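# Fold and geometry: a report
Residue strings, one per chain:
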Amino acid sequence: MEKLCGHCARYIQHYILLEEEYKPVLYGHCMRDKLRLHPKTTDFGRSRAPNGNQNRNCIMNSVLTAKKCYNSSMEPLLKRCRLCPHACGADRTAGEKGKCGAGAQLKVARAALHFWEEPCISGAVGSGTVFFSHCPLHCVYCQNAGISSGKAGAGITTGRLADIFLELQEQGAANINLVTPTHYVPHIIEALARAKERGLTLPIVYNCSGYEGVEALRLLAGMVDIYLMDFKYMDASIARRYSHAAGYPLAAKRALREMVRQAGDAEFDEKGLMRRGVIVRHLLLPGCLEDSRAVVRYLYETYGNRIWLSLMSQYTPVCKERLPEELRRQVRAEEYDALVDFAVSLGIENGFIQEGKAADESFIPPFDLTGIFPG
């Protein structure tokens, strides 16, 4: 690994440890290293967490907000579901399945420490990640088809989900990371309220596809600390072809606006772990460099360096025979380098890029119900 600037060394050192002990490095540089800037370390990563009394007040307010939201607003959303932009109207309380495939019962495929997120999310201790089954999007190239299809996972109660949050905290997790949570917002709000009453203090990460309903996001205000969202497409025709959702670009723009409103500017603790803020991921697809540039341009022109950008090169063609011809290959190094160079040319400083052959590594854990049932 080449020499890193002092600015990003605190993040990379965690992944040097992981390279030796767990898995290969996933994220290798931050944008500042790409720019070869060496700012003082004191102007970044400074903890701005509230003091003890303020923190307790924040937790109690979150619990009260969650109880109010769940009791007064959320059940109608399941009865005539409009949690995601599909707004399919399924009565999930009566046994109907939403467009996402989910019914009324919460379904989870894995809950464990996860070391393969961005360095400021996983750190050296791992992110307490909960993988939910089903997904509002149906991307033809999905890397997690086992859970997005609902084939993997088991039904649990919101009480058990609250227990899982606390168990992950006891394991030393850096945060609670909710992966593909959109269609289970009512269950998550109730579980978080229960867990916070019982001592959950970790930051909550909402890790989603970007195809989110603003109404549901607003109900999470005060409960979620970090939004980690995908911004997949700017071109509606590409969104329709690859994710069956022509409205994706507009939905993602609206969702991100709400996320930034809630989470604000990024805050980090003394270890370089994010405590609050927004990270936007973008996965470069084969042949889609121009659309990726459009995504990056929009993000920077709209939010500047208020948000953190994570550019990913790890696209892997799964089940090639089912994919459109143009998606049956990996992203070429020159395509990814061109995207990174474009981001740097715009002036983006806060972000992460992947190094090496990320697509050749498997960062997908086994969805084998680890952590789902009491030990």
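On to the confidence of the model for the protein, then. Confidence in the prediction of the protein, expressed as mean pLDDT, is 84, and 78% of residues score 70 or more. Within the model, pLDDT remains below 50 along residues 34-60, and this stretch shows 37 contacts once partners closer than five positions in the same chain are excluded. With pLDDT under 50 throughout, residues 67-72 is counted as low confidence; its partners more than four residues away or in other chains account for 10 contacts.

For the rest of this paragraph, the subject is the pattern of salt bridges. Considering all chains together, one arrives at 17 salt bridges under this definition. Residues Arg 276 and Asp 225 are paired through a salt bridge, measuring 3.9 Å at the closest nitrogen-oxygen approach. Of this pair, Arg 276 sits in strand E9 (residues 274-283) while Asp 225 sits in the loop between helix H8 (214-219) and strand E7 (226-230), and the two are 51 residues apart along the sequence. For Glu 258, the salt bridge identified is with Arg 261, shortest N-O distance 2.6 Å. Taken as a pair, Glu 258 and Arg 261 lie in helix H10 (residues 248-263) at a separation of three residues, close to a single helical turn. Glu 258 sits in the buried class, given a relative accessible area of 5%. Connected through salt bridges with shared partners, the residues Glu 117, Glu 118 and Arg 281 form a single ionic network.

Among the five residues that make up E7, five are buried, leaving the element largely enclosed by the rest of the structure. Of the two faces of E7, both are covered, the one formed by Ile 226, Leu 228 and Asp 230 as well as the one formed by Tyr 227 and Met 229. Pairing of strand E6 (residues 204-208) with E7 involves four bridges; the strand directions are parallel. Within E7, the position partnered with Asn 207 by the bridge is Leu 228. As a crossover connection, the stretch from E6 through H8 into E7 is right-handed.

Parameters at a glance
Residues numbered from 1 in each chain as written. Predicted model: local features only at pLDDT ≥ 70, side-chain atom pairs only at ≥ 80, totals over all residues. Heavy atoms only, no water. pLDDT = per-residue confidence, 0-100. Contact = heavy atoms within 4.5 Å. Salt bridge = Lys/Arg side-chain N within 4 Å of Asp/Glu carboxyl O. Helix = DSSP H or I, 4+ residues; strand = E, 2+ residues; numbered from the N terminus. Buried < 20%, exposed > 50% of the residue type's maximum accessible area, 1.4 Å probe, protein only. Pairing = 2+ DSSP bridges. Right-handed = clockwise from strand over helix to strand, strands pointing away.

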